[in-house]
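Overview (structure and organization)
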Amino acid sequence: MKTVIFDLDGTLSDSSEGIFRSLNYALGKMHAPGIERSAVGRYIGPPLSASFSELLQTSEQAVLEQAVAHFRDDYAAEGYKINALYDGIAEVLARLDQDGYRLFIATTKKADIACDVLRHFQLEGYFQAIYGGGSEIPKPELIRQLFAEHGACPQQTVMVGDTHYDIAAARENQIFAIGVAWGFGATYELATADVVAATPVDLPDSIARLLA
């Protein structure tokens, strides 16, 4: 059965404002300087522990865990709601669902927070399962879990995402990759994708061609 795996942040929704809020909340709790709004994009996609390692200039695990916990406290309470669905995404998901594709989420967010986001936008019904890694499970492993639990065929599966993490996860699992040009990743990050979609409306036809 044809399967489409979506990243969440920067692919389905623009979560940058909420992430900006929660990053600065956590940095304040850690008595560290905040970041400028223009810098938030570089911290969307990598695991939170990697982002805080850079922001706090430390690799001390206990410190990173504390910073991540502060972020998640704020994001779970308020940050996830400060979010905007990209224009056309709801219609794309409805069309793919109607056309018989199986839809999944693979995100570096924790699965429960990802579910909250999708519920906030009333989109959770389109997805058969949500795979969230938090800072512990890399995206390639999330896709392997999906294959093991849902029997996906690599030749009939595509990953849709906005950063090199998504493209690399697809390549590692030998599935197709579609990069999206409206997300947080730089253009060069999508260079090895099979297709780069300029707008959400391009996605259904791009997916259909790859999985024909």
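This text follows the structure it describes.
The rules we used
Residues numbered from 1 in each chain as written. Predicted model: local features only at pLDDT ≥ 70, side-chain atom pairs only at ≥ 80, totals over all residues. Heavy atoms only, no water. Buried < 20%, exposed > 50% of the residue type's maximum accessible area, 1.4 Å probe, protein only. Helix = DSSP H or I, 4+ residues; strand = E, 2+ residues; numbered from the N terminus. Pairing = 2+ DSSP bridges. Right-handed = clockwise from strand over helix to strand, strands pointing away. 1 Å grid on protein atoms, 1.4 Å probe; cavity = no way out; pocket = protein on both sides within 12 Å on 5 of 7 lines; lining within 4 Å. Points joined across faces, edges and corners; volume = space filled by probe spheres on them. Nonpolar A, V, L, I, M, F, W, Y, C, P; charged D, E, K, R; others polar. Polar contact = N/O pair within 3.5 Å; in protein donor to acceptor, adjacent residues only side chain to side chain. Contact = heavy atoms within 4.5 Å. Core = buried A, V, L, I, M, F, W, Y, C linked by side-chain atoms within 4.5 Å.

1. Overview of the pairing of strand β4 (residues 102–107)
A large share of β4 lies buried, amounting to 6 of its 6 residues. Burial along β4 is two-sided: Arg102, Phe104 and Ala106 and Leu103, Ile105 and Thr107, pointing in opposite directions, are all buried. Of the strand pairs in this sheet, strand β1 (residues 3–6) and β4 are connected by 4 bridges, and their pairing is parallel. Residue pairing across strands places Phe6 opposite Ile105, the latter belonging to β4. As paired elements, β4 and strand β5 (residues 129–132) share 4 bridges and run parallel to each other. For Ala106, the partnering residue across the bridge sits in β5 and is Tyr131. The handedness of the β4 to β5 crossover, carried by helix α5 (residues 111–120), is right-handed.

2. A closer look at empty space enclosed by the protein
What the rule picks out here adds up to 2 cavities of 30 Å³ or more. Empty space within the largest cavity amounts to approximately 210 Å³. Considering the residues around the largest cavity, the lining is formed by 16 residues, among which Asp9, Leu48, Phe71, Thr108 and Lys109 are closest to the centre. At 3 residues, helix α3 (residues 61–77) tops the list of elements feeding residues into the lining of the largest cavity. Considered class by class, the residues forming the lining of the largest cavity number 8 nonpolar, 4 polar and 4 charged. Approximately 70 Å³ is the volume found for the second largest cavity. Lining the second largest cavity, in full, are Asp7, Asp9, Ile44, Gly45, Thr107, Thr108, Lys139, Asp162, Thr163, Tyr165 and Asp166. Residues of the lining of the second largest cavity, tallied by class, amount to 2 nonpolar, 4 polar and 5 charged.

3. Re the side chain of Asn173
Structurally, Asn173 is set in the loop between α7 (164–172) and β7 (176–180). In terms of polar contacts, Asn173 uses its side chain to reach the backbone carbonyl oxygen of Pro140, at 3.2 Å. Aside from chain neighbours lying at most four places away, what touches Asn173 is Pro140, Ile143, Arg144, Phe147 and Pro154.

4. As for the nonpolar core
Counting 49 residues, the largest nonpolar core has Phe6, Phe52, Leu203 and Ile207 as its most contacted members. When near neighbours in sequence (up to four residues on either side) are disregarded, Leu203 contacts Phe6, Val92, Val160, Ile178, Val180, Trp182 and Ala197. Ranked by size, the runner-up nonpolar core spans 18 residues in total, among them Tyr131, Leu146, Ala170 and Ala177.

5. Considering unusual backbone geometry
With a phi close to 55 degrees, Gln57 is a non-glycine residue in the positive phi region. Mapped onto the fold, Gln57 is located in the loop between α2 (48–56) and α3. Positive phi is not limited to glycine here, since Gln174 has a value of about 55 degrees. Among the secondary structure elements, Gln174 is positioned in the loop between α7 and β7.

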